[in-house]
Amino acid sequence: MASEDKKPKAACFDGEAARSLVKELRGTFDAGKTKSYEWRVLQLKSLLKLTKDHEDDIIDALRSDLSKPVLEAFVSEIAMLKSSCEFTLKQLKRWMVPEKVKTSITTFPSSAEIVSEPLGIVLVISAWNYPFLLSLDPVIGAIAAGNAVVLKPSEIAPATSSLLAKLLGEYMDSSAVKVIEGAVPETSALLAQKWDKIFYTGNGKVGSIVLAAAAKHLTPVSLELGGKCPVIVDSNINLIITARRIIAGKWGMNNGQACISADHIITTKDFAPKLIDALKVELVKFYGNDPLASEDLSRIVSSNHFARVTKLLDDDKVSGKIVHGGQKDQSNLKIAPTILLDVPEDSLIMNEEIFGPLLPIVTVDNLEDSFNIINSGEKPLAAYLFTNNKKLKESFVRNVSAGGLLINDVALHITNPYLPFGGVGESGIGSYHGRFSFDTFTHKKAVLYRSFTGDASARYPPYTPGKLRLLDALLSGNILGVIRALLSW
Amino acid sequence: MASEDKKPKAACFDGEAARSLVKELRGTFDAGKTKSYEWRVLQLKSLLKLTKDHEDDIIDALRSDLSKPVLEAFVSEIAMLKSSCEFTLKQLKRWMVPEKVKTSITTFPSSAEIVSEPLGIVLVISAWNYPFLLSLDPVIGAIAAGNAVVLKPSEIAPATSSLLAKLLGEYMDSSLRKWKSGKHRIGSAAAKHLTPVSLELGGKCPVIVDSNINLIITARRIIAGKWGMNNGQACISADHIITTKDFAPKLIDALKVELVKFYGNDPLASEDLSRIVSSNHFARVTKLLDDDKVSGKIVHGGQKDQSNLKIAPTILLDVPEDSLIMNEEIFGPLLPIVTVDNLEDSFNIINSGEKPLAAYLFTNNKKLKESFVRNVSAGGLLINDVALHITNPYLPFGGVGESGIGSYHGRFSFDTFTHKKAVLYRSFTGDASARYPPYTPGKLRLLKALLSGNILGVIRALLGW
């Protein structure tokens, strides 16, 4: 991605700088600073304070980077981050306690536990569309798990990037929590280093690059990617609420620029006209008759992405299928909510993640056909179904594979901290949120304690048939066999 | 690794063959065959039956590949595999049930669950040192989780490899289980396809020995965890010992006494020791002794029999820190002892190197145990024994850092081959119109109050609407 908004920097962050950054953080980590409960809590509380103290600055930065409406900025980024922080603070002590586990006859007598240990120094690479949330939410997990962390915010959201650098520098322990701003060169310099964990949010192409760089050092990686999140719409629904929730989950999510926003709709040929009408009515209620002038829609983030999205409409066979919207304002990087009906299957818009305000509707004869359509493509980060039909819900959950599924709404499942948030297949590796964030930055160390009592001499050479019989009986829990073997010892 | 034991093949398994193999398996998986509980149980029971019916063949193959003693072959591979299979069969139904989870106020009213879903088609690449166990144990996990699986056994254990090919072909659903012997290349293939990977690797597993111990039992357990484990050729076997300068002589004496009890005065003739697997590895291990500064530190053993690929249990004392033997995973019957002034120094020594798959401590000192568990990072830790922790199916078995990514055994095997799919169910009741544009300051106030659980704020906002 070209960084048309790249700030001029005084000194270049190169390989040497990256090496020395990693060295410094390793020193901090090895000295044990980040491991104490007190340190983790202090950092998390500082993050919370930073968010509260600078709510207006954050909202301003998001408006600058994305023209994000105030309510969206607050609800989808600030409130989400605060909630994640508070949930973690409440649960952390419990998560840090070693988990006692059962033992087996093979190690009797013994006791066993799983100890949660920080991985060490972690790299978090963030995205541009929810630049505040997607930067700090993984950082919460990294800190909660006791790691030192470097955050590389997206250069495509430069106001948020420099605000993060400034605020984390002021509020956090900068010997263990650092922000490195930059674009491809800086990210490459960081990726060349050995990290104990890399957490990346973004697209699949770069995800592959991150995974390959990590593979060199055997570094475990989380990839939060995207996909074409489909919305299946049955006729057995509350149409108005469905229409509203689809709009909220498409244009109400950074104007479609979200990894879990509704990418396209699949519904029956019969129902499509009703759905389109309902969407049109609600769209006017939400954004007025001139949506390009509405303050309640994010703009397209950059001219590169504006070009990318408009290119999807370039094809006559596609633009001819527009049933609503289609207006553009290039100077302000705005595209109106646009609905298309039955574009060709092989068109670009049906094969790339749209990540913008265009909503194609695909029609089928039977709704169950939609499951095969979805499963024949790359697995998306989320899939949605609107229906009151219990059997259809069950079939959907059983048959459709995606990172996560949500019935009768769009996107909202990510606000539940008890559900893992992550992809599968091309939509990603690993998950986070709630306890899953803690776990993803943690090594689960197995520990077994034995004593010197109960030493089984059958274990030791010289191996005899008698010992073998005894062990065979012991290991298969065959008490009679054990007795017989002991008697003929 | 060179495969000096490579079998000639009738046809070469090339890219075209691989593509077509994957296509066939995807077809089977997509048709839903592997997903049912019944199918998974049938396959697992077949694996169990295969192991029971052919115990002697398996033991023979392990003897052929590794000269593995019968008792070791039985206890460390066959019994482990049966136990893993039985544990999985017992628990599988429970593991397959979706896990209900709590919901939050933000989605009220709603219900939520995590559904365990097979990933699809998986590739298991196995090792040569426990070729039966390390091939089939991951396969158990893959099948239990509902996947189709390809097993690539190690060509360095060819008898076991072809036995596996034959038996799995006879006992298992072969529309889903294919295997190919031969060389393979693990490149950045996984990265290209965004495929999640588990890596079970190794490391230099250290054994810290305190003076406050039962010396005889300690010596026996160290021997069992070194030479009793495929003659040191195991990822979790004791690589080297760290103990105090004062205690080292006592430990060495105890080890010598027990070694003679176990393997006699001519260990090269003992039937209770595996051989070195191949001439390549024999050369690799003997090279570690090539250095005078190293071979001069041998305090026990050192005998070799190249024609039979045998090396006697060998103990070394205080070899130079920068020698090859102290910097590479030994994976053989050489046991260096490193001495320190204070035992606590050993923690730093371990942590300054690559994280091993396992680390061991022998002590009765409670504080030392606590400090060890708190400070030493490894895949897993075991106090007062060696290697045994892997027999507990309730503990995850895997590495950290250079010793690996991911873990398995017990439920962790099922989980590692599973996608944990988040599912949230909502209804059409309780629709919050504050969510929708046009965004007004009133809506913002209401949402702020709702999201911070501020009841008074909610009331105020609703009143000032």
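All figures in this text were calculated on a predicted structure; none of them were measured in a lab.

**Some remarks on the overall build of chain B**
Here is step 1: Scanning chain B from N- to C-terminus turns up 16 helices and 19 strands.
Here is step 2: Its C-alpha atoms put chain B at 90 × 60 × 35 Å along the principal axes.
Here is step 3: By the burial criterion, 57% of the 465 residues in chain B qualify as buried.
Here is step 4: Counting contacts in chain B only where the partners sit at least 6 residues apart, residues at least 24 apart contribute 72% of the total.
Here is step 5: Total accessible area computed for chain B in this model is approximately 19300 Å², and 55% of it derives from carbon and sulfur atoms.

**Considering the overall build of chain A**
Here is step 1: Within chain A, the regular secondary structure consists of 17 helices and 18 strands.
Here is step 2: The principal-axis extent of the C-alpha atoms belonging to chain A is close to 90 × 60 × 35 Å.
Here is step 3: The proportion of buried residues among the 489 residues of chain A is 61%.
Here is step 4: Once local pairs closer than 6 in sequence are excluded, the contacts in chain A between residues at least 24 apart make up 72%.
Here is step 5: When the accessible surface of chain A is totalled, it reaches about 18500 Å², and 55% of it is carbon and sulfur.

**Brief notes about the interface of chain B and chain A**
Here is step 1: With 94 residues of chain B in contact, the opposing surface of chain A contributes 98 residues.
Here is step 2: With both sides pooled, the region where chain B packs onto chain A buries about 7800 Å², and carbon together with sulfur makes up 65% of that total.
Here is step 3: Three residues stand out in chain B for area buried against chain A, namely Leu194, Phe428 and Tyr439 of chain B, and they jointly supply 12% of the buried area on that side.
Here is step 4: Across the contact surface, chain B and chain A share eight salt bridges.
Here is step 5: Its salt-bridge partner being Lys194 of chain A, residue Glu402 of chain B comes within 3.6 Å of it at the nearest N-O pair.
Here is step 6: For the pair chain B and chain A, the number of links is 42 residue pairs in polar contact (both at pLDDT 80 or more).

**With respect to helix H10 (residues 272-287) of chain A**
Residues and elements named next belong to chain A.
Here is step 1: An ideal rise of 1.5 Å per residue puts 22 Å on 16 residues; H10 measures up with 22 Å between its terminal C-alpha atoms.
Here is step 2: Buried within H10 are the following residues: Ala272, Leu275, Ile276, Ala278, Leu279, Glu282, Leu283, Phe286 and Tyr287. All buried residues of H10 project into a common sector of 165° when viewed along the axis, lining one side.
Here is step 3: Where the residues of H10 are buried, they touch strand E8 (230-233), helix H9 (239-250), strand E9 (264-268), strand E10 (322-324), strand E13 (338-341) and strand E14 (358-364).
Here is step 4: Immediately downstream of H10, the backbone of Gly288 shows phi near 80°, a positive value.

**Some remarks on unusual backbone geometry**
Glycine aside, residues mostly have negative phi angles, and peptide bonds mostly take the trans form.
Here is step 1: Phe108 of chain A connects to Pro109 of chain A through a cis peptide bond whose omega is -5°.
Here is step 2: Position of Pro109 of chain A among the secondary structure elements: in the loop between strand E1 (99-101) and strand E2 (110-118).
Here is step 3: In this structure, the amide linkage connecting Phe108 of chain B to the following residue, Pro109 of chain B, adopts the cis form with an omega of -5°.
Here is step 4: Within the fold, Pro109 of chain B resides in the loop between strand E1 (99-101) and strand E2 (110-118).
Here is step 5: With a phi close to 70°, Asn408 of chain A is a non-glycine residue in the positive phi region.
Here is step 6: Note on placement: Asn408 of chain A falls in the loop between strand E16 (404-407) and strand E17 (428-429).

**Some points on the domain arrangement of chain A**
Residues and elements named next belong to chain A.
Here is step 1: Here chain A is described as being made up of domain 1 (2-225 + 433-443) and domain 2 (230-422).
Here is step 2: Averaged C-alpha coordinates put domain 1 and domain 2 at centres separated by 30 Å.
Here is step 3: With 23 residues of domain 1 at the contact, the number on the domain 2 side is 26 residues.
Here is step 4: Both faces considered, domain 1 and domain 2 share a buried interface measuring about 2000 Å² in area, 54% of it formed by carbon and sulfur atoms.
Here is step 5: Scanning the region where domain 1 abuts domain 2 turns up zero salt bridges.
Here is step 6: One can count eight residue pairs in polar contact (both at pLDDT 80 or more) joining domain 1 with domain 2.
Here is step 7: Of all the secondary structure elements, the ones that give two or more residues to the side of domain 1 that touches domain 2 are helix H3 (55-66), helix H4 (70-96) and helix H15 (434-440).
Here is step 8: By residue class, the composition of the side of domain 1 that touches domain 2 is ten nonpolar, six polar and seven charged.

**Here's the deal with a nonpolar patch on the surface**
Here is step 1: A surface patch of nonpolar side chains, about 460 Å² in accessible area, is lined by Ile479, Leu480, Ile483 and Leu487 of chain A.
Here is step 2: Structurally, the position occupied by Leu480 of chain A is in helix H17 (residues 479-487).

**Observations regarding the packing of H4 of chain A against helix H15 (residues 441-451) of chain B**
Here is step 1: Interaxial distance between H4 of chain A and H15 of chain B falls to 10 Å at its minimum, and their mutual angle equals 10°. For the element pair H4 of chain A / H15 of chain B, the angle class is roughly parallel. In this structure, H4 of chain A uses Val70, Leu71, Phe74, Val75 and Ala79 of chain A to contact H15 of chain B, whose residues at the interface are Lys443, Leu444, Leu447, Lys448 and Leu451 of chain B.
Here is step 2: Looking at side-chain class alone, the contact of H4 of chain A with H15 of chain B contains eight nonpolar, no polar and two charged residues.

**Here's the deal with the UniProt feature "active site" (unreviewed entry) in chain A**
All names here are of chain A.
Here is step 1: In this structure's numbering, the residues bearing the UniProt feature "active site" (unreviewed entry) are Glu224 and Cys259. The annotated residues occupy 36 residues of the chain but converge on a single region, no pair of C-alpha atoms lying more than 8.8 Å apart.
Here is step 2: Residue placement: Glu224 occurs in strand E7 (residues 221-224).
Here is step 3: The exposure class of Glu224 is buried, given its relative accessible area of 3%.
Here is step 4: Excluding anything up to four places from it in sequence, Glu224 contacts Phe199, Tyr200, Thr201, Gly202, Phe421, Gly422, Ser427, Gly430, Ser431 and Tyr432.

**As for the packing of helix H8 (residues 215-226) of chain B against helix H9 (residues 248-263) of chain B**
Residues and elements named next belong to chain B.
Here is step 1: Packing of H8 against H9 leaves a shortest axis separation of 9 Å and a crossing angle of 60°. Between H8 and H9, the angle is such that the two are oblique. Taken as a pair, H8 and H9 cross one another with a handedness that is right-handed. Residues Leu215, Ile216, Ala219, Arg220, Ile222 and Ile223 of H8 form the contact with H9, whose own contacting residues are Lys250, Leu251, Ala254, Leu255, Glu258, Leu259, Lys261, Phe262 and Tyr263.
Here is step 2: Across the contact of H8 with H9, the residue classes tally to eleven nonpolar, no polar and four charged.

**Let's talk about the sheet that holds E2 of chain B**
Here is step 1: Taken in spatial order, the ten strands line up as E10(A)-E13(A)-E14(A)-E9(A)-E8(A)-E15(A)-E16(A)-E19(B)-E2(B)-E1(B) in an open sheet, and their pairing is mixed. Edge strands, defined here as strands with exactly one partner in the open sheet, are E10 of chain A together with E1 of chain B. Within the sheet, the average angular offset between the axes of one strand and its neighbour, ignoring direction, is 25°.
Here is step 2: The pairing of E16 of chain A with strand E19 (residues 418-426) of chain B spans four bridges and is parallel. Its bridge partner lying in E19 of chain B, Leu405 of chain A is registered against Val423 of chain B.

**Some remarks on the packing of aromatic side chains**
Here is step 1: Tallying each qualifying case throughout the model produces 19 aromatic pairs over all chains.
Here is step 2: Measuring from centroid to centroid gives 4.8 Å for Phe199 of chain A and Tyr432 of chain A, while their planes differ by 75°, and the two rings are edge-to-face. Residue Phe199 of chain A is located in strand E6 (residues 197-201), and its partner Tyr432 of chain A is located in the loop between E17 and H15; the two are separated by 233 residues in the primary sequence. Pair check on accessibility: Phe199 of chain A and Tyr432 of chain A agree, each one buried.
Here is step 3: On the numbers, 5.3 Å between centres and 85° between planes, the contact of Phe87 of chain B with Tyr394 of chain B is edge-to-face. Pair noted here: Phe87 of chain B is in helix H4 (residues 70-96) and Tyr394 of chain B is in the loop between strand E15 (380-383) and strand E16 (397-398), with a separation of 307 residues, a long-range link.
Here is step 4: Residue placement shows Lys35 of chain A over the ring face of Phe29 of chain A; its charged tip is 4.9 Å from the ring centre.
Here is step 5: Its guanidinium or amino end placed over the ring of Phe74 of chain A, Lys448 of chain B lies 4.9 Å from that ring's centre, counting from NZ or CZ.

**Description of the side chain of Glu77 of chain A**
Residues and elements named next belong to chain A.
Here is step 1: Along the polypeptide, Glu77 turns up in helix H4.
Here is step 2: When its relative accessible area of 0% is taken as the criterion, Glu77 is described as buried.
Here is step 3: Residues within four places of Glu77 in sequence aside, it is in contact with Leu62, Lys68, Glu72, Asn129, Tyr130, Pro131, Phe132 and Leu133.

**Focus on the domain arrangement of chain B**
Here is step 1: In terms of domains, chain B is made up of domain 1 (15-98 + 114-198), domain 2 (206-403) and domain 3 (432-463).
Here is step 2: In this structure, domain 2 of chain B and domain 3 of chain B have C-alpha centres spaced 65 Å apart.

**A closer look at the UniProt feature "domain: Aldehyde dehydrogenase" (unreviewed entry) in chain B**
Here is step 1: The residues that UniProt annotates with the feature "domain: Aldehyde dehydrogenase" (unreviewed entry) are residues 16-170 and 184-423 of chain B.
Here is step 2: Across residues 16-170 of chain B one finds 62% helix and 14% strand; the C-alpha atoms that close the span lie 25 Å apart.

**Description of the sheet that holds strand E5 (residues 177-179) of chain A**
All names here are of chain A.
Here is step 1: With mixed pairing, the six strands of this open sheet are ordered in space as E5-E4-E3-E6-E7-E17. Of all the strands in the sheet, the pair left with one neighbour each is E5 and E17.
Here is step 2: Against the sheet, helix H7 (residues 184-191) engages strand E3 (121-125), strand E4 (148-152) and E6, with an angle of about 155° to E3.

Rules and cut-offs
- Residues numbered from 1 in each chain as written.
- Chains lettered and ligands numbered in written order.
- Predicted model: local features only at pLDDT ≥ 70, side-chain atom pairs only at ≥ 80, totals over all residues.
- Heavy atoms only, no water.
- Helix = DSSP H or I, 4+ residues; strand = E, 2+ residues; numbered from the N terminus.
- Buried < 20%, exposed > 50% of the residue type's maximum accessible area, 1.4 Å probe, protein only.
- Contact = heavy atoms within 4.5 Å.
- Areas by Shrake-Rupley, 256 points an atom, 1.4 Å probe, with all protein chains shown as cover.
- Buried area = accessible area lost by both parts, 1.4 Å probe.
- Salt bridge = Lys/Arg side-chain N within 4 Å of Asp/Glu carboxyl O.
- Polar contact = N/O pair within 3.5 Å; in protein donor to acceptor, adjacent residues only side chain to side chain.
- Expected span 1.5 Å × (residues − 1).
- Arc of directions from axis to C-beta.
- Domains from an automatic or database assignment.
- Nonpolar A, V, L, I, M, F, W, Y, C, P; charged D, E, K, R; others polar.
- Patch = residues over 30% accessible without salt bridge, like charges linked within 9 Å, V, L, I, M, F, W, Y side chains within 5 Å.
- Axes fitted to C-alpha atoms, helices over the stretch in contact; angles between N-to-C directions.
- Parallel < 35°, antiparallel > 145°, perpendicular 65-115°, else oblique.
- UniProt positions renumbered as here; feature names shortened; annotations may be inferred.
- Left-handed = near helix turned anticlockwise from the far one by under 90°.
- Pairing = 2+ DSSP bridges.
- Phe/Tyr/Trp six-rings, centres within 6.5 Å; stacked < 30°, edge-to-face > 60°.
- Lys NZ or Arg CZ within 6 Å of the ring centre and 35° of its normal.

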